[in-house]
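So you can see what is in the structure, the chains are spelled out below.
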Amino acid sequence: MSTIYQATASAPVNIAVIKYWGKRDTKLILPTNSSLSVTLDQDHLRSTTTSRADPSFERDQLWLNGKEDEIKPGSRLETCITEMKRLRKEYEDQNPNEPKAISLLISSYKVHIASYNNFPTAAGLASSASGFAALVASLAQLYNLPASPSTLSLIARQGSGSACRSLFGGFVAWQMGSDPSGSDSLAVQVAPQEHWPQMHALICVVSDDKKGTSSTSGMQRTVETSTLLQHRIKDVVPWRMEKISKAILERDFDTFARITMADSNQFHAVALDTEPPIFYMNDVSRAIIALIVEYNRLSVEAGKGYKAAYTYDAGPNAVIYALEENIKEIVQLIVSYFPQKPGEFKDVWGIFGESAADLNTHASLPQGFNSAVAKKFEVGAVKGLIHTRVGDGPRKLGPEESLLAENGLPK
Ligand code: DP6
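As the structure is a prediction and not an experimental result, all values here were calculated from the model.

Focus: unusual backbone geometry
(1) Moving on: Omega for the bond connecting E275 with P276 falls within 30 degrees of zero, at -10°, which places this linkage in the cis form.
(2) Moving on: Positionally, P276 belongs in the loop between α7 (253-272) and α8 (283-301).
(3) Moving on: Located in the positive-phi region is N65, a residue other than glycine, with phi close to 50°.
(4) Moving on: Looking at the element boundaries, N65 is found in the loop between β7 (61-64) and β8 (67-69).
(5) Moving on: Since 16 C-beta atoms lie within 10 Å of it, N65 is described here as partly exposed.
(6) Moving on: One non-glycine residue, N144, lies in the positive phi region at around 55°.
(7) Moving on: Along the polypeptide, N144 turns up in the loop between α3 (127-142) and α4 (149-156).

Examining the sheet that holds strand β14 (residues 318-323)
(1) Moving on: Taken in spatial order, the 4 strands make up an open sheet running β13-β14-β12-β15, and their pairing is antiparallel. Across the chains shown, the open sheet's two edge strands, defined by having one partner strand only, are β13 (308-311) and β15 (382-389). With direction set aside, neighbouring strand axes in the sheet form an average angle of 20°.
(2) Moving on: Relative to β14, helix α9 (residues 324-337) is tilted by about 140°, and along the sheet it contacts β12 (199-206), β13, β14 and β15.

Looking at the UniProt feature "domain: Mvd1 C-terminal" (unreviewed entry) in the chain
(1) Moving on: Under the UniProt annotation, the feature "domain: Mvd1 C-terminal" (unreviewed entry) is placed at residues 201-396.
(2) Moving on: The annotated region residues 201-396 carries 44% helix and 13% strand content, and the separation between its end C-alpha atoms amounts to 24 Å.

About the criteria used
- Residues numbered from 1 in each chain as written.
- Predicted model: local features only at pLDDT ≥ 70, side-chain atom pairs only at ≥ 80, totals over all residues.
- Helix = DSSP H or I, 4+ residues; strand = E, 2+ residues; numbered from the N terminus.
- Buried ≥ 20, exposed ≤ 12 C-beta atoms within 10 Å, placed from the backbone.
- Pairing = 2+ DSSP bridges.
- Axes fitted to C-alpha atoms, helices over the stretch in contact; angles between N-to-C directions.
- Contact = placed C-beta atoms within 7 Å.
- UniProt positions renumbered as here; feature names shortened; annotations may be inferred.

See the structure below:
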């Protein structure tokens, strides 16, 4: 039996606290500003990808969640696969005396790739970031490349901008760079996961019945029509990047929260400043903002500074960053306004013990909370709560986790 050349990797989701919104080069995916994100734990949300190279394969093929996804010429997918093969070819050319490289000119083989997200696409959580990061990580492993995560981020970036930040765990900056070739537009780690493991996140999955504007088309419309975006790019993001990086290094949650919320607000302001205007948040999103604002007001009054930070991407879901010690109180607050369908919540940290199944019995407001800041919604307005935390970068998985069967087709 001939050897199977195959690798499986998983990669995390990341949620930006300084938002990427706008490209200066749409083909290379070069942004108009730097951005910064927190990588979320793959134990809860991840994409897994298996790649195999084989001389018997007739063409490159990819399956996403079991369904074949066409690799169109000139597509982002094709670019990423081609770029990874190019890196492998370079490696083969540079190591002609390495027996492995001589016998294995696998850069010329076609590949089969199977990818799977462990969270439903319908949840509206960015799957392209973890998806492209897992694709690039699995190919790097298959090709045995000595490439650093920053080098791989240059390729993942060309799949989806935000994907470049999923090549690292912890707190990650995407430096916009200035070279027209894109060679300096890459991700770097600001701090590893272990630096601030108390950083947790509560994702409020908000129902969305309308088809929103995609990030890709929305951000280009903003670039073309928003004057506010120019102010954001020139006068706001540069100092915010500095200030939030420092806050992370100093584990200064209050500053981290203030900048995170201000930047989410400004991103949605430039969306509104687009012609025609783009709205990503809905009434539920805005009610969650009102709750967090009131929650922080109380905390500041008690001399403790901000204890929670909301942020929203190109959809109505809220991601609330908070320190582990405050998550219980925040869940209790959220369920007071957004009752949950019993049995849905995964209490992965055992905060509520056996009674987690009916989270609604835990509804309660902090002392002094002005309950009139929002109205109580129906069950299903927030259709799920995911409690997760800062996590690690792409993982190498064993053959038992392969998504491809022996015949090279998805399992
Ligand atoms: C609002 O990375 O999805 O989530 O590069 O066109 O694929 P493309 O866009 P994408 O945009 C993400 C936008 C955002 C902010 C962020 O993640 O920084």
